[in-house]
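# Structural overview for review
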Amino acid sequence: MDRRGSKRLYSKLLCIYTAILVCAISALVIYFYTSTKNRFLEQNLDYTEMMSESAQSYLEDTSDIAEYIHEDLYKSAMELKDVLHYMSDEPQDYLRYRLNVYSENKNVEYKGIDKFLLDAFQAYSSLNHILLYSYERGELTEYTRDGKSYRRSANAAFKKRFEKNNLAGEEYFSYLKEIRNPQTMQVKGCMILGFRSSRFESIWQYYSRAQLMVYNDEGTVVFDSAREYPAKDIIEAGRKEVLEKRLDAYVIQTQNGQYHTVSYLKRHDASKVPVSAVVMIVSAGIAAAVLGGLSVRYHLQQLEKRLNRILDGMDVVMDGNLDVRIPLDKNGDELDVISGCFNQMCMNLDEHIKKRYLAEIEQKNAEMEALQSQINPHFLYNTLEAIRMKAICNGDREVGKMLYSLAVTFRAQIKEADVITLAQELHYCKKYMELFEFRYQNQFRSLIECPEEYLNVPVIKFVLQPVVENYFIHGIRKKEQDNYIKIKVEKQDCYQIIVEDNGNGMQETKIAAKNRELEHDSMQKQASIGIANVNRRLKAVYGRAYGIRMETGPQGGLRVILRFQPAEQPDISAGRSSGQQEETDMQGSGQQEEQASQDTV
């Protein structure tokens, strides 16, 4: 059995733990959904009750206002007499009466019915209109909020509604207050105060989940928010139990004088959870399941990693290497005991073997070192290419890609001419950065921007790799995930290759000191290829006016500018250089062997 390929224990534990986790989270999601549903039911019932109370409160307020206006009329003798004469006298006699009273009381402000009603409109904003109806004369006068009045004979329709005390409509509802002569107690007429019903709509819109209906004793609807059911059916239902059954809803009934309110909430809407709440609960459940699954998988992977370390150690020992030691995690479990015993076994076995075969092993090591010293760079390059082909044939494309990037970089060092095209330099730099992508996976991103017309510009080789290497050594923030490095080619008075990053950067004083050293070529020479080396090479080939300059990047990192000016453009029609042709051949060979491996699979 392939010990590394077998993952039955891992798969079994992962399935079991994931199933348990999904069941637990599903139960929690159902619980929270049910709890939220009950909470919305209680909340909606409370809102329905508050809506009913608000509508009832408005009816009580308007009833009180009508009573206040009626009482105020009797508190002012001048205004009461004016309205009694207005209802009893002919228009000419009423005007003569007002003129006489005004003449007799020049020093006193005359207070008639017009001013009284105007003050009432100003005092109460909910008051819509006031009607004065004279029983003796059969005349009806309507006063509106704009101060206008309309006097006319009452028509048959009004008299019919008046007899039934049905003085309400869809936009208003009214209260009737009779006016008597305080001396004879004879009823002269009445005052009908109409109030706006639009307030009911405001109340309903505030509690929009429930429905509201207001009507009077005669069945005239003042306000109906739903209009889903005939008002006659709701009014005839009468009792709350019958109405709840007919509407399939929770119902609250109230009455204030001749006006009734019915607040009802459909049962299927009462406990309905909004889509946003459902999405939030389900999203939370999914997030918890994902996090839990990742946590379970992480712990199982740690367990698998410890088991694989033991198996790897065994494989190494089977290959003859007894120097392997399995690190102990100090968890105190059976795996640590096995690892400790394995390490002790390797130590004892290695000591026993060294006593008998030490001379033979040393001889073999000497022979191996002699063989390794004979390996030349071309042999290493060819070996890397062979290993890459083998990895691709075995289906390990990631290792093949790493070996390809390393081989391209290695090949450029041993085969390319000193002057190459800018396209080749960017290509080698890209392959060099790909090696670091495997080292810092998902920790940085790279971007190369170069106009097509600059790709064939000649440049000395390996001017970018030391700059990029300097970033990965000193600049990259290893604990962060948003690292990036950008290489951009542009032309102003000369060609410029701009390398900028968002790394650790340098202080302005240090940058200024480095630029002075680069300008005067006074940096201490080093054995390795670095920025100072690249700067010297650029100045030596292209002149003292060119080279490297550093500055602070726009994202807080470092911005390195390489300036150069080639003497002439390369002959594009002459074809690609031998280095490009070899690179193409190598890529074509890799693609053919990759295709061959896919066909084999």
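Residues numbered from 1 in each chain as written. Predicted model: local features only at pLDDT ≥ 70, side-chain atom pairs only at ≥ 80, totals over all residues. Heavy atoms only, no water.

## Here we look at the confidence of the model for the protein chain
For the protein chain, mean pLDDT is 79; residues scoring 70 or higher make up 81% of the total. Considering only residues more than four positions removed or in separate chains, one finds that residues 525-529, a stretch of pLDDT under 50, has three contacts. Within the model, pLDDT remains below 50 along residues 569-601, and this stretch shows 43 contacts once partners closer than five positions in the same chain are excluded. (pLDDT = per-residue confidence, 0-100. Contact = heavy atoms within 4.5 Å.)

## Topic: the sheet that holds strand β14 (residues 495-501)
Read across the open sheet, the five strands follow the order β11-β13-β14-β16-β15; overall the sheet is mixed. A strand with exactly one partner marks an edge of an open sheet, and here the two such strands are β11 (444-449) and β15 (547-552). Averaged over all pairs of adjacent strands, the angle between their axes in this sheet comes to 15 degrees, without regard to strand direction. Two strands pair when backbone bridges link them, and β14 and strand β16 (residues 558-564) are joined in this way by six bridges, in the antiparallel orientation. Note that in β16 the partner of Glu500 across the bridge is Arg559. The strands touched by helix α14 (residues 422-439) within the sheet are β11, β13 (483-491) and β14, with β11 carrying the most contacts at an inclination of about 175 degrees. Each of β15 and β16 is contacted by helix α17 (residues 531-542), which is oriented at about 135 degrees to β15, the strand it contacts most. (Pairing = 2+ DSSP bridges. Helix = DSSP H or I, 4+ residues; strand = E, 2+ residues; numbered from the N terminus. Axes fitted to C-alpha atoms, helices over the stretch in contact; angles between N-to-C directions.)

## Things to note about the environment of Val457
Summarising the element assignment, Val457 is placed in the loop between β11 and β12 (458-460). Each C-alpha atom, one on Val457 and one on Ala423, is 7.9 Å from the other, the two residues being 34 residues apart in sequence.

## Some details on the sheet that holds strand β9 (residues 259-266)
The sheet built from four strands is open, its strands ordered β7-β6-β9-β8 with antiparallel pairing. Of all strands in the sheet, those with a lone pairing partner are β7 (221-224) and β8 (249-256), marking the two edges. Strand-to-strand, the axes of this sheet are offset by a mean angle of 10 degrees, without reference to chain direction. For strand β6 (residues 211-216) and β9, the ladder comprises six bridges, and the chain directions are antiparallel. Bridging from a neighbouring strand, Asn216 pairs with Tyr259 of β9.

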